[in-house]
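Read off the chains here:
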Amino acid sequence: MQLYSTNNKDLSVSFKEAVFNSMPQDKGLYMPVQIPRLDQDFIAHIEQYSLPEIAYKIASTLLKDEIPEKDLRALIEDAANFDAPIVKLDIKTFVLELFHGPSLAFKDFGARFMSRVMAYFLKDGEQLLDVLVATSGDTGGAVALGFLGVPNTRVTILFPKGKVSEIQRLQLTTNGENIRAIAVNGTFDDCQSLVKQAFADEELNSKFRLTSANSINIARLIPQTFYYFNAYAQLKQQGFNAVVFSVPSGNFGNIGAGLLAYKMGLPVQQFIAATNANDTVPRFLETGVYETKPSVQTYSNAMDVGAPSNWVRIMDLFNEDQAAICKIVKAYVFSDDETLLGITEIYSKYNYIACPHTAIGYLAAKAFAAENPSNEAANVFLSTAHACKFPDFLSVAEPLPEQVSMLHQKEELYTELEKDFEGFKKYLAESGLKI
Ligand SMILES: *Cc1c(COP(=O)(O)O)cnc(C)c1O
């Protein structure tokens, strides 16, 4: 697979290069030069296959020239080792649960696959890969647990002290091995600024092999297509042929992967972009004017993005054709008050506990169904995180999944730093070239 930059279609880099660069120098995003379609026969009989089998089919269609079959199979088995079940709520409403991975959020799919792809491309004896990540919550946990124990890699995670939930903090600080956590006396923006300065620092770059693991890496997008195909397979088993996916969206990576799956031949009737008050994309779909704005804080904080970084990928997938995008993507916006009502309603109607992000997906699916009462398609909303990660919004106490209950028995280890770059640079510079 060759990739170009959304800012320069003449560029052509290998998958390996795109994975380690994360972003082209021209600040565009990497996109495949060609998007292959899965063979018709496979899709026609997809209900016969398991998630790892479907994942292998997609990955091999995209990456057969980069990673030989045997290695790719092993990589997929290891990366896609947890389920993504659909749960039926009523005759045609389903929730696609994406929170059964190690950090209890859908970002595990991307992070786990990316870490293994990076480890695969690192040759024996090559310099240790140093991954720097700033996190406001969910990304850090997925990256930490995704890279935990992956040979020849070391992860340094910066989080704003006191500003992540307890479970999120424990997921960052109890790992040890090749994972280091830093509590920064500042905000998420301060953390991100420290990481950016490190990437721009010549001295650090000459000593360490630095890379970012952020959500725009192409190796995070690809594995997110797996669960869309797998959800379709599960719906076919239940007799559905048409499907509507409602996707709680912030940076638009998740729905972007859904649209990539669609371009690869997945039959989807409709995508729904479900957002909170950060409504840059819904406004664009309505007015044709793309205007970013500073993010505002909401209860669904993993979706508080005013300038969604993956949107250019979606525009690129549809050759900038706004009318075509408006046809396949509908958007709905919900306030914090509506989010709370949504959580309560899912619980009272279906006895189902949803996190604030998932509740927005539910509300959007419901709004679309109300506007299309005779639609026979399965209505699927994606659950992007386990409700226990957002305890302030839990409608009732529920037993904690084992990924969480065991965290409390582990020792927390982290370094505290101020938000000035000199301190962070000294911390990095003093670490050895081996773990
Ligand atoms: C990251 C995240 C989202 C938003 O996903 P995007 O790919 O950025 O649109 C939604 N919900 C949760 C729980 C998340 O962690």
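### Examining the packing of aromatic side chains
This model, assessed by the stated rule, comprises 19 aromatic pairs. A centroid spacing of 5.5 Å and a plane angle of 65° characterise the contact between Tyr-120 and Phe-121, whose relative ring orientation is edge-to-face. Ring plane angle 90° and centroid distance 5.1 Å describe the contact between Tyr-228 and Phe-245, whose orientation is recorded as edge-to-face. One end of the pair, Tyr-228, is in helix H10 (residues 218-237); the other, Phe-245, is in strand S10 (residues 243-248), with 17 residues separating them in the sequence. By relative accessible area, Tyr-228 is classed as buried at 0%. Among the aromatic residues, ring-to-ring pairing joins Phe-82, Phe-109, Tyr-227, Tyr-228, Phe-245, Tyr-262 and Phe-271 into one connected group. Against the face of Phe-20 rests Arg-209, its NZ or CZ located 5.0 Å from the ring centre.

### Some thoughts on the domain arrangement of the protein chain
According to the domain assignment, the protein chain contains domain 1 (40-107 + 219-393) and domain 2 (114-216 + 407-429). Computed over C-alpha atoms, the centres of domain 1 and domain 2 are 27 Å apart. Contact residues are listed per partner, giving 22 residues for domain 1 and 19 residues for domain 2. Interface of domain 1 and domain 2: buried area, both sides summed, is about 1,800 Å²; carbon and sulfur atoms make up 60% of it. Per-residue buried area on domain 1 facing domain 2 is highest for Lys-107, Arg-220 and Lys-389; these three make up 33% of the total on that side.

### Quick look at the side chain of Asn-178
Looking at the element boundaries, Asn-178 is found in the loop between helix H7 (166-173) and strand S8 (179-184). A distance of 3.4 Å separates the side chain of Asn-178 from the backbone oxygen of Val-150, its partner in a polar contact. Within the structure, Asn-178 has its side chain in polar contact with the backbone oxygen of Thr-153 (distance 3.2 Å). When neighbours within four sequence positions are excluded, Asn-178 is seen to be in contact with Phe-147, Leu-148, Gly-149, Val-150, Thr-153, Arg-154, Val-155 and Ile-435.

### Observations regarding the pattern of salt bridges
Applying the stated criterion to the full structure yields 19 salt bridges. Ionic pairing is found between Asp-201 and Lys-425, a salt bridge with its closest N-O pair at 3.0 Å. Separated by 224 residues along the polypeptide, Asp-201 in the loop between helix H8 (188-200) and helix H9 (202-207) and Lys-425 in helix H18 (residues 421-429) bring together distant segments of the chain. Like Lys-425, Asp-201 is buried. With a shortest N-O distance of 4.0 Å, Glu-345 and Lys-349 are connected by a salt bridge. Pair noted here: Glu-345 and Lys-349 are both in helix H15 (residues 336-350), with a separation of 4 residues, about one helical turn. Salt bridges sharing partners connect three or more residues here, namely Asp-279, Arg-283, Glu-291 and Lys-293.

### Some details on the packing of helix H5 (residues 107-121) against helix H6 (residues 138-147)
The interhelical angle for the contact between H5 and H6, taken along N-to-C directions, is 40°, at an axis separation of 8 Å. Classed by the angle they form, the pair H5 and H6 counts as oblique. Helix-helix and strand crossings are classified by hand; for H5 and H6 the assignment is right-handed. Each of Lys-107, Asp-108, Ala-111, Arg-112, Met-114, Ser-115, Arg-116 and Met-118 in H5 lies in contact with H6, whose residues at this interface are Asp-138, Thr-139, Ala-142, Val-143, Leu-145, Gly-146 and Phe-147. Among the residues forming the contact of H5 with H6, the class breakdown is 7 nonpolar, 3 polar and 5 charged.

### Some points on the site of the ligand
Around the ligand, the structure places 15 residues, and the nearest of them are Lys-107, Asp-138, Gly-250, Asn-251 and Thr-384. Here Asn-251 contributes a backbone N or O atom positioned 2.8 Å from an oxygen atom of the ligand. The protein chains hide 95% of the 380 Å² of surface that the ligand would expose on its own.

### Observations concerning the packing of helix H4 (residues 69-79) against H5
Close contact between H4 and H5 brings their axes to 9 Å; oriented N to C, the two are set at 145°. Where H4 crosses over H5, the two elements pack in a sense that is right-handed. The segment H4 lies against H5, with Asp-71, Leu-75, Ile-76, Asp-78 and Ala-79 engaging Arg-112, Phe-113, Arg-116, Val-117 and Tyr-120. Grouping the amino acids of the contact of H4 with H5 by side-chain chemistry returns 6 nonpolar, no polar and 4 charged.

### Overview of the sheet that holds strand S13 (residues 378-383)
The strand order across the open sheet built from 6 strands is S4-S5-S13-S10-S11-S12, with neighbouring strands paired in mixed fashion. Edge positions in the open sheet fall to strand S4 (86-90) and strand S12 (329-333), since each of these has one partner strand only. When the angles between neighbouring strand axes are averaged without regard to direction, this sheet yields 25°. When strand S11 (residues 270-275) meets S12, the two strands line up parallel, connected through 5 bridges. Each bridged residue has a counterpart across the sheet, and for Thr-275 the counterpart in S12 is Val-333. Against the sheet, H10 touches S4, strand S5 (93-97), S10, S11 and S13, its axis set at about 140° to S10.

### Description of the pairing of strand S7 (residues 153-160)
The buried fraction of S7 amounts to 8 of the 8 residues, a majority that puts the element mostly inside the structure. What you see with S7 is no split at all: Thr-153, Val-155, Ile-157 and Phe-159 on one side and Arg-154, Thr-156, Leu-158 and Pro-160 on the other are buried throughout. Two elements, strand S6 (residues 129-134) and S7, share 6 bridges in a ladder whose sense is parallel. Bridging from a neighbouring strand, Leu-132 pairs with Thr-156 of S7. On the question of chirality, the crossover connecting S6 to the parallel S7 by way of H6 is right-handed. Alignment of S7 against S8, held across 6 bridges, turns out to be parallel. What sits directly across from Pro-160, in S8, is Val-184. A crossover links S7 with its parallel partner S8, the connecting element being H7, and its sense is right-handed.

Analysis parameters
- Residues numbered from 1 in each chain as written.
- Predicted model: local features only at pLDDT ≥ 70, side-chain atom pairs only at ≥ 80, totals over all residues.
- Heavy atoms only, no water.
- Phe/Tyr/Trp six-rings, centres within 6.5 Å; stacked < 30°, edge-to-face > 60°.
- Helix = DSSP H or I, 4+ residues; strand = E, 2+ residues; numbered from the N terminus.
- Buried < 20%, exposed > 50% of the residue type's maximum accessible area, 1.4 Å probe, protein only.
- Lys NZ or Arg CZ within 6 Å of the ring centre and 35° of its normal.
- Domains from an automatic or database assignment.
- Contact = heavy atoms within 4.5 Å.
- Buried area = accessible area lost by both parts, 1.4 Å probe.
- Polar contact = N/O pair within 3.5 Å; in protein donor to acceptor, adjacent residues only side chain to side chain.
- Salt bridge = Lys/Arg side-chain N within 4 Å of Asp/Glu carboxyl O.
- Axes fitted to C-alpha atoms, helices over the stretch in contact; angles between N-to-C directions.
- Parallel < 35°, antiparallel > 145°, perpendicular 65-115°, else oblique.
- Left-handed = near helix turned anticlockwise from the far one by under 90°.
- Nonpolar A, V, L, I, M, F, W, Y, C, P; charged D, E, K, R; others polar.
- Near = heavy atom within 4 Å.
- Areas by Shrake-Rupley, 256 points an atom, 1.4 Å probe, with all protein chains shown as cover.
- Pairing = 2+ DSSP bridges.
- Right-handed = clockwise from strand over helix to strand, strands pointing away.

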